[in-house]
Amino acid sequence: MPDHTMAQSRWWLYVQAVFWRFLMRIGMFLHDIGPPSPPRPAFTRTVTSDSHGHSVVLHFYCPPDYHQQRRLGHRYPVAVNFHGGGFTLGCATDDSRWVKVILDNVGAVVVSVSYRRAPEHPFPAAVDDGVEGLLYLAAHAAELGLDVSRVALSGFSAGGNLAVTVPLRLRDRISTEVEEHLGRAESTQNLINQVSDLRIVALFSWYPILDFQESRDHRRAMSPMPDKTLPAFFTTLFDEAYLPNLEDRASPYASPVRASDRNLAEALPHDIFLFICEWDMLMKEGQSFVRRLEGLGKRVRAMLIEKAKHAWDKSPNPWRDQDSVDVLYRDACADMKAIFDR
């Protein structure tokens, strides 16, 4: 009987997810209508995982001279982006306005990862897909004209979580596979060769969720504006869809605040940028994480976006003040470019 109940509840989560995905597509259509038009992907690549057999689609956004410069042997720095939507909604093209500012101001290639969504694919599918995407870019850097010694990760909301958890998962996967394949020199060497040039130099995490063990009700109550936070029907859908197993919520690959100091120090880059919304229930955990990273010797820049709700930059209103968002996007991109140019 419990199995049947679980199957029913997963089915109901899926129905809700499909409904909200449809509405979110309408919202993002309206979001993208206003000038200037955001870019479309130049091409996509499909990554098939040898270990899991599933596919991950990578969407590539490129500077105007990309094809010509690539043929001349130029290597571009890479910004790898993860979209939001509670691991349940959204798609890889949702952050195209952020992508436009990167293309205009940084001159990097942007790769947006179309990771698998819950409830069809619960944890750790999304974070594993992020790792697969990075390994693919590292293995194909030459043909794609990428300098994978200069990689920045960015993400929004759930994607902001992935920007932090993917490096943790990648580090663990490398060390685990090296241990498991000890004595199988060839496969171990292949993995080491694949990631030897890969260097994540910065994270740009926008209003991320960092702790799935903290009660949503408690966070909502502690918010300075509880009525401005995400409603319970959304947060319940997201949490139950992505993390149906309560034990998984303590995993550092879901809740990076649960990672050890050593893992955070070794897996995350020196330069970390967190953008936190004042009216977001996630504000306090973001501020606590900033203090912890600073204590580990990271160079952390935390930006509190005043009087802003979660996902304030994704308004479906075509007549919104996009310039007020782009100011912060450009500020982040100035930092990204300075790090890439070192």
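Peer 1: Lay out the environment of alanine 250 in plain terms, naming residues and giving numbers.
Peer 2: Within the secondary structure, alanine 250 sits in the loop between α9 (232-242) and α10 (261-267). Put simply, alanine 250 and aspartate 321 are 71 residues apart on the chain and 39 Å apart in space, counted from C-alpha to C-alpha. Residues in contact with alanine 250, not counting those within four places in the same chain, are Gln213 and Arg258.

Peer 1: Outline the environment of leucine 168, listing residues and values.
Peer 2: On the secondary structure map, leucine 168 appears in helix α6 (residues 158-180). Measuring from C-alpha to C-alpha, the distance between leucine 168 and proline 256 comes to 8.2 Å, with 88 residues separating the pair along the chain. For leucine 168, the contacting residues outside a window of four places in its chain are Pro252, Tyr253, Pro256, Ala259, Asn263, Leu264 and Ala267.

Peer 1: With reference to specific residues and values, describe the pattern of salt bridges.
Peer 2: Inspection of every chain in the model, using the stated rule, returns 22 salt bridges. Among the ionic pairs, aspartate 261 bridges to arginine 292, the shortest N-O distance being 2.8 Å. Here aspartate 261, found in helix α10, pairs with arginine 292, found in helix α11 (residues 283-295); they are 31 residues apart in sequence, far enough to count as distant. We classify arginine 292 as partly exposed; its relative accessible area is 26%. Between aspartate 271 and arginine 342 there is a salt bridge; the shortest N-O distance is 2.9 Å. Note that aspartate 271 is positioned in strand β7 (residues 271-277) and arginine 342 in the segment after α12 (322-340), a separation of 71 residues in sequence. Classification of aspartate 271 by relative accessible area gives buried; the value is 1%. The class of arginine 342 is exposed, set by a relative accessible area of 66%.

Peer 1: Tell me about the pairing of strand β2 (residues 55-61), and name the residues and values.
Peer 2: Of all the 7 residues making up β2, 5 are buried; the element is thus mostly covered by neighbouring parts of the structure. The pairing of β2 with strand β4 (residues 109-114) spans 5 bridges and is antiparallel. Across the sheet, residue tyrosine 61 finds its bridge partner in β4, namely valine 110.

Peer 1: I'd like a rundown of the state of the cysteines, residues and numbers included.
Peer 2: The full count for this structure, using the stated rule, is 0 disulfides. Here cysteine 91 is not disulfide-linked; the sulfur of cysteine 62 is the nearest cysteine sulfur, at 18 Å. This cysteine, cysteine 333, is not joined by any disulfide, and cysteine 62 carries the nearest cysteine sulfur, 16 Å off. On the accessibility criterion, cysteine 333 (1% relative accessible area) is buried.

Conventions used here
Residues numbered from 1 in each chain as written. Predicted model: local features only at pLDDT ≥ 70, side-chain atom pairs only at ≥ 80, totals over all residues. Heavy atoms only, no water. Helix = DSSP H or I, 4+ residues; strand = E, 2+ residues; numbered from the N terminus. Contact = heavy atoms within 4.5 Å. Salt bridge = Lys/Arg side-chain N within 4 Å of Asp/Glu carboxyl O. Buried < 20%, exposed > 50% of the residue type's maximum accessible area, 1.4 Å probe, protein only. Pairing = 2+ DSSP bridges. Disulfide = S-S within 2.5 Å.

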